[in-house]
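Chains, contacts and geometry: an overview
Each chain is listed here by its residues.
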Amino acid sequence: METKIKGHARKVSPSVSRGRPRAFDADEALDSALRVFWQKGYEGASLPDLTLAMGINRPSMYAAFGNKEALFRKALDRYMSGPAAYVRKALDEPTARKVVEAVLRGAVDQMTDPRNPHGCFAVQGALACGDAADAVRKELAARREAGITALHRRFERAQAEGDLPKSSKPADLARYVATIIHGLSVQASGGATRAQLRGVVELALRAWPVN
């Protein structure tokens, strides 16, 4: 990716070639792979696309990151700890509404950042994959479900603390938020502007239950 992801130690790995081994920055290579997968999805990203963007040859890629699926999983970890880290931070907000506000506004800002491909990598990474990519599709689904579970638990806590009405259903609220994020991702990838998506977020926040 063009913008370095903060909070990661830099690693230098050897690039195998016919001549003298050449060192390359593994973190920069992984950022580049993430960008390709984000733009093209798992199946759309070819090995030549990946190695060209990463600046290494295929043997070096396999030696440093494993096969294409292993590289995708590493790129997904990179995404979760970098561009998508706003979700984890949002869970620390003092009220359920502030959690949702931080998650949705963070999603819009990330999905429309001109430095990144538009949309959510975790949503779009394997939407249109065949049977060969089933493991990747399941991995992304599991990551999304883990996010819903984290929201569910945070909303259960909010309800126990009197922050949400007793009539609220934390599980339904968590899936409601996730569904909005998925819709925002599709809209962002289709060219919706940040202002347009922020308008959607404001409508969603108006529907949030108050105690």
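A brief look at the structure comes next. None of the values given here were measured: they were computed from a predicted structure.

What follows is about the packing of aromatic side chains. With the rule as written, the count across this model stands at eight aromatic pairs. For the ring pair Phe37 and Phe72, a centre distance of 4.9 Å and an interplane angle of 80 degrees mean the geometry is edge-to-face. Pair noted here: Phe37 is in helix 1 (residues 26-44) and Phe72 is in helix 4 (residues 68-81), with a separation of 35 residues, a long-range link. Side by side, Phe37 and Phe72 carry an identical accessibility label, which is buried. Here the aromatic cluster, defined as three or more aromatic residues joined through ring pairs, consists of Phe37, Trp38, Tyr42, Phe72, Tyr79 and Phe121. The ring centre of Tyr42 lies 4.7 Å from the NZ or CZ of Lys68, which sits over that ring.

Per the counting criterion, the structure on display carries 17 salt bridges. Between Asp77 and Arg143 there is a salt bridge, with the nearest N and O atoms lying 2.7 Å from each other. Residue Asp77 is located in helix 4, and its partner Arg143 is located in helix 8 (residues 134-160); the two are separated by 66 residues in the primary sequence. A relative accessible area of 23% means that Arg143 is categorised as partly exposed. In this structure, Arg115 and Asp113 form a salt bridge, with 2.8 Å as the shortest nitrogen-oxygen distance. In this structure, a network of salt bridges that share partners links the residues Glu69, Arg73, Asp77, Glu139 and Arg143.

Let us look at the environment of His152. Residue position: His152 is located in helix 8. Classification of His152 as partly exposed rests on a relative accessible area of 25%. Each C-alpha atom, one on His152 and one on Asp172, is 8.1 Å from the other, the two residues being 20 residues apart in sequence. Setting aside chain neighbours within four positions, we find His152 in contact with Pro170, Ala171 and Ala174.

Moving on to helix 9 (residues 170-189). In a regular helix each residue adds 1.5 Å, so 20 residues correspond to 28 Å; helix 9 covers 29 Å between its end C-alpha atoms and thus fits that length. Taken residue by residue, helix 9 has Pro170, Leu173, Ala174, Val177, Ala178, Ile180, Ile181, Leu184, Ser185 and Ala188 as its buried positions. All buried residues of helix 9 lie within an arc of 155 degrees about the axis, which places them on one face of the element. Summarising the contacts, the buried residues of helix 9 are in contact with helix 6 (96-111), helix 7 (121-124), helix 8 and helix 10 (194-206). Phi for Gly191, located one or two positions after helix 9, is positive at around 110 degrees.

Here we take up the nonpolar core. In terms of nonpolar packing, the biggest core is built from 60 residues, with Phe65 and Phe155 touching the most fellow members. Here this core takes nine residues from helix 1, the largest share from any one element. Once residues lying within four places of it in the same chain are set aside, the contact partners of Phe65 are Phe24, Ala26, Ala29, Leu30, Met54, Ile56, Ala70, Leu71 and Lys74.

Each pocket or cavity is described by its volume, and for the largest pocket that value is around 460 Å³. Considering the residues around the largest pocket, the lining is formed by 22 residues, among which Met80, Val87, Arg143, Arg144 and Gly147 are closest to the centre. Elements represented by at least two residues in the lining of the largest pocket include exactly helix 4, helix 5 (85-90), helix 6, helix 7, helix 8 and helix 9. Per-element tally for the lining of the largest pocket: the top contributor is helix 8, with seven residues. Of the residues belonging to the lining of the largest pocket, the class tally is 16 nonpolar, three polar and three charged.

Rules of the game
Residues numbered from 1 in each chain as written. Predicted model: local features only at pLDDT ≥ 70, side-chain atom pairs only at ≥ 80, totals over all residues. Heavy atoms only, no water. Phe/Tyr/Trp six-rings, centres within 6.5 Å; stacked < 30°, edge-to-face > 60°. Helix = DSSP H or I, 4+ residues; strand = E, 2+ residues; numbered from the N terminus. Buried < 20%, exposed > 50% of the residue type's maximum accessible area, 1.4 Å probe, protein only. Lys NZ or Arg CZ within 6 Å of the ring centre and 35° of its normal. Salt bridge = Lys/Arg side-chain N within 4 Å of Asp/Glu carboxyl O. Contact = heavy atoms within 4.5 Å. Expected span 1.5 Å × (residues − 1). Arc of directions from axis to C-beta. Core = buried A, V, L, I, M, F, W, Y, C linked by side-chain atoms within 4.5 Å. 1 Å grid on protein atoms, 1.4 Å probe; cavity = no way out; pocket = protein on both sides within 12 Å on 5 of 7 lines; lining within 4 Å. Points joined across faces, edges and corners; volume = space filled by probe spheres on them. Nonpolar A, V, L, I, M, F, W, Y, C, P; charged D, E, K, R; others polar.

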